[in-house]
Amino acid sequence: MDLNVKALEKLLDYAASGIGSVAGSMLAPWMARRETKAKEIAAHGDANVLLIQAEAQTKAREILVSEDKNFAGELDIAKSINQRILFQEQKRQLNIKSVVEKAAEQLGDKSVPDTEPDHDWTSRFFSDVQDVSSEEMQSLWAKILAGEVERKECTSIRTLGILKNLDQDTARLFRRFCSACVFFSPDGKTLLDARVSSLGGNAATNSLKAYDLNFDALNRLNEYGLIISDYNSWYDYRLCIGHKIENLPQLIRIPFRFQDRHWILLPTSDRNLSKEFQLTGVALTRSGRELSGVIDLENMDEFSQALSSFFQSKNFQMVEVESHATEVSHVSP
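Note that the structure is a prediction, hence the values are computed from the model and not measured.

Rules and cut-offs
- Residues numbered from 1 in each chain as written.
- Predicted model: local features only at pLDDT ≥ 70, side-chain atom pairs only at ≥ 80, totals over all residues.
- Heavy atoms only, no water.
- Helix = DSSP H or I, 4+ residues; strand = E, 2+ residues; numbered from the N terminus.
- Buried < 20%, exposed > 50% of the residue type's maximum accessible area, 1.4 Å probe, protein only.
- Contact = heavy atoms within 4.5 Å.
- Expected span 1.5 Å × (residues − 1).
- Arc of directions from axis to C-beta.
- Pairing = 2+ DSSP bridges.
- Axes fitted to C-alpha atoms, helices over the stretch in contact; angles between N-to-C directions.
- Core = buried A, V, L, I, M, F, W, Y, C linked by side-chain atoms within 4.5 Å.
- Parallel < 35°, antiparallel > 145°, perpendicular 65-115°, else oblique.
- Nonpolar A, V, L, I, M, F, W, Y, C, P; charged D, E, K, R; others polar.
- Phe/Tyr/Trp six-rings, centres within 6.5 Å; stacked < 30°, edge-to-face > 60°.
- Polar contact = N/O pair within 3.5 Å; in protein donor to acceptor, adjacent residues only side chain to side chain.
- Salt bridge = Lys/Arg side-chain N within 4 Å of Asp/Glu carboxyl O.

(A) Main features of the overall build of the chain. Looking only at helices and strands, the chain has 11 helices and 12 strands in total. Relative to its full complement of 333 residues, the chain shows a buried share of 44%. Sequence separation of at least 24 residues holds for 76% of the intrachain contacts in the chain that already meet a minimum separation of 6.

Shown next as structure tokens:
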């Protein structure tokens with residue numbers, strides 16, 4: 001069994017694994033650290049830029065000896081290259097600093113398992129995040145880092161690649177999609193299914209258009225690897241169907257999550273509880289499920305009402321319950 005350590009200590013381990021000993025200053029005010037430019041460029045794997053710099057400097061030295069008339073101009077070019085490299089690396093430093101600080105805020109005073117960071121994962125993470133300047137996208141990356149510190153391997157390297165290529169408009173569309181999602185996680189940790197119900201219609205023919213999730217929007221999310229290509233797949237939600245215990249205000253059920261609240265489906269007519277209940281709609285991919293955990297949901301009042309009405313048409317009432325993944329729970333008043 002893994003021992004627990006302070007989350008901020010483990011965050012430093014992850015940062016050190018990804019960017020080296022400089023990580024020690026990540027959680028305190030620091031100065032730009034680009035004094036030896038060639039070494040730091042190499043650390044970031046920017047071999048092409050390093051070659052340009054070296055060639056420019058060699059050219060400047062040759063001209064210094066043979067052609068005084070071009071000396072000043074060539075030195076200016078070399079100086080401009082150095083300044084550009086320095087500017088780029090300082091900007092990257094600030095991006096990393098911002099993400100690490102945001103992750104620290106997420107972790108706070110938590111304790112986490114004392115596990116060894118996956119060095120391939122940290123290398124990929126910090127290589128990708130150094131070029132993320134948007135405040136909105138930095139917040140997503142910070143949540144990914146904090147989540148990995150809390151629970152190793154909760155986000156795959158493949159998912160990091162999808163996040164790297166995610167623009168802000170698609171990220172906002174993904175937020176909209178996740179806000180309409182039903183999530184099924186029997187143990188509260190492993191997410192077995194996440195989907196937006198097609199509400200009895202066909203999502204591929206715009207049954208979700210009224211909620212800004214039309215066919216074009218779905219195609220965009222699919223192109224980014226966030227939803228599966230079958231817009232009318234289904235999952236069996238029979239385990240979410242509750243039934244009352246005689247003379248007790250309790251329900252046997254495994255709830256689903258919607259809008260960060262937990263719900264069961266209470267039959268409004270007699271029903272065989274062993275019979276499957278197919279919830280049809282648009283499902284998240286594995287990467288989509290991983291990223292959904294770091295998304296701040298938006299209110300979806302109209303969709304919430306439509307989802308409740310859809311379940312009513314199937315002879316179910318959406319009933320809110322207190323918590324997730326227990327066999328017996330009181331119904332919330």
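(B) Structural context of helix H11 (residues 301–313). Between the first and last C-alpha of H11 there are 18 Å, a value that for 13 residues agrees with the 18 Å anticipated at 1.5 Å per step. Taken together, the buried positions of H11 are Phe303, Ala306, Leu307, Phe310 and Phe311. Along H11, the residues classed as buried sweep out an arc of 135° about the axis, all on the same side. Turned more than 90 degrees away from the buried face of H11 sit Asp301, Glu302, Gln305 and Gln312, all of them exposed. Positive phi shows up at asparagine 315, right after H11, with a value of about 65°.

(C) Geometry of the pairing of strand E10 (residues 278–283). Taken together, the 3 bridges between strand E4 (residues 193–197) and E10 define a ladder with antiparallel strand orientation. Bridge pairing in E10 links valine 196 to valine 282. By the bridge criterion, 4 bridges tie strand E5 (residues 233–236) to E10 in an arrangement that is antiparallel. Across the sheet, tyrosine 235 pairs through a bridge with leucine 279, a residue of E10.

(D) Highlighting the sheet that holds strand E8 (residues 256–258). Read from one edge of the open sheet, 7 strands run E5-E10-E4-E3-E8-E9-E11, paired in antiparallel fashion. Because the sheet does not close on itself, it has two edges, and the strands there are E5 and strand E11 (316–321). Direction aside, neighbouring strands of the sheet carry axes that sit 45° apart on average. With respect to the sheet, H11 is in contact with strand E3 (182–184), E4, E8, strand E9 (261–267), E10 and E11, its orientation differing from that of E11 by roughly 125°.

(E) Quick look at the nonpolar core. If you look at the biggest cluster of nonpolar residues, it comprises 75 residues, and the most contacted ones within it are Phe125, Phe126, Leu145, Phe177, Phe256, Phe303 and Phe311. Setting aside chain neighbours within four positions, we find phenylalanine 303 in contact with Ala180, Val196, Ser197, Leu199, Leu208, Tyr211 and Phe258.

(F) A look at the packing of helix H5 (residues 119–129) against helix H7 (residues 157–164). Relative to each other, H5 and H7 sit at 5°, their axes nearing to 10 Å. On the basis of the axis angle, H5 is roughly parallel to H7. Here Asp120, Trp121, Arg124, Phe125 and Asp128 of H5 come into contact with H7, specifically with Ile157, Leu160, Gly161 and Lys164. Of the residues assigned to the contact of H5 with H7, the class counts are 4 nonpolar, 1 polar and 4 charged.

(G) Summary view of the packing of aromatic side chains. Tallying each qualifying case throughout the model produces 14 aromatic pairs. Where phenylalanine 184 meets tyrosine 235, the ring centres are 6.0 Å apart and the plane angle is 50°; that geometry is what we call tilted. In this pair, phenylalanine 184 is assigned in strand E3 and tyrosine 235 in strand E5, connecting sequence segments 51 residues apart. Since its relative accessible area comes to 25%, tyrosine 235 is described here as partly exposed. Relative to phenylalanine 303, the ring of phenylalanine 258 lies with its centre 6.3 Å away and its plane at 45°, an arrangement referred to as tilted. Pair noted here: phenylalanine 258 is in strand E8 and phenylalanine 303 is in helix H11, with a separation of 45 residues, a long-range link.

(H) A look at the packing of helix H1 (residues 7–19) against helix H6 (residues 135–150). Axis separation between H1 and H6 bottoms out at 10 Å; the angle between their running directions is 110°. Overall, the two elements H1 and H6 adopt an arrangement that is roughly perpendicular. Residues Ala7, Lys10, Leu11 and Tyr14 of H1 form the contact with H6, whose participating residues are Leu145, Glu148 and Val149. Each residue belonging to the contact of H1 with H6 can be placed in one class, and the counts come to 5 nonpolar, no polar and 2 charged.

(I) Here's a closer look at helix H8 (residues 168–179). With 12 residues, H8 extends 16 Å from end C-alpha to end C-alpha; this agrees with the ideal 16 Å at 1.5 Å per step. Within the sequence span of H8, burial applies to Thr170, Ala171, Leu173, Phe174, Arg176, Phe177, Cys178 and Ser179. N-capping of H8 is provided by aspartate 167, with a side-chain oxygen placed 3.1 Å from the backbone N of aspartate 169.

(J) Broad picture of the environment of lysine 110. Residue position: lysine 110 is located in the loop between helix H4 (68–107) and strand E2 (111–113). Take lysine 110: its relative accessible area is 37%, and that puts it in the partly exposed class. Note: C-alpha distance between lysine 110 and asparagine 4 (106 residues apart in sequence) is 9.6 Å. Not counting the four nearest positions on each side in its chain, lysine 110 is found in contact with Val5, Lys6, Ala7 and Glu150.

(K) Expanded view of the pattern of salt bridges. In total, this model carries 20 salt bridges according to the counting rule given. Across the pair lysine 10 and aspartate 13 runs a salt bridge, and its minimum N-O distance is 3.0 Å. Of the two residues, lysine 10 and aspartate 13 are both situated in helix H1; the distance of 3 residues between them amounts to about one turn of the helix. Since its relative accessible area comes to 36%, aspartate 13 is described here as partly exposed.

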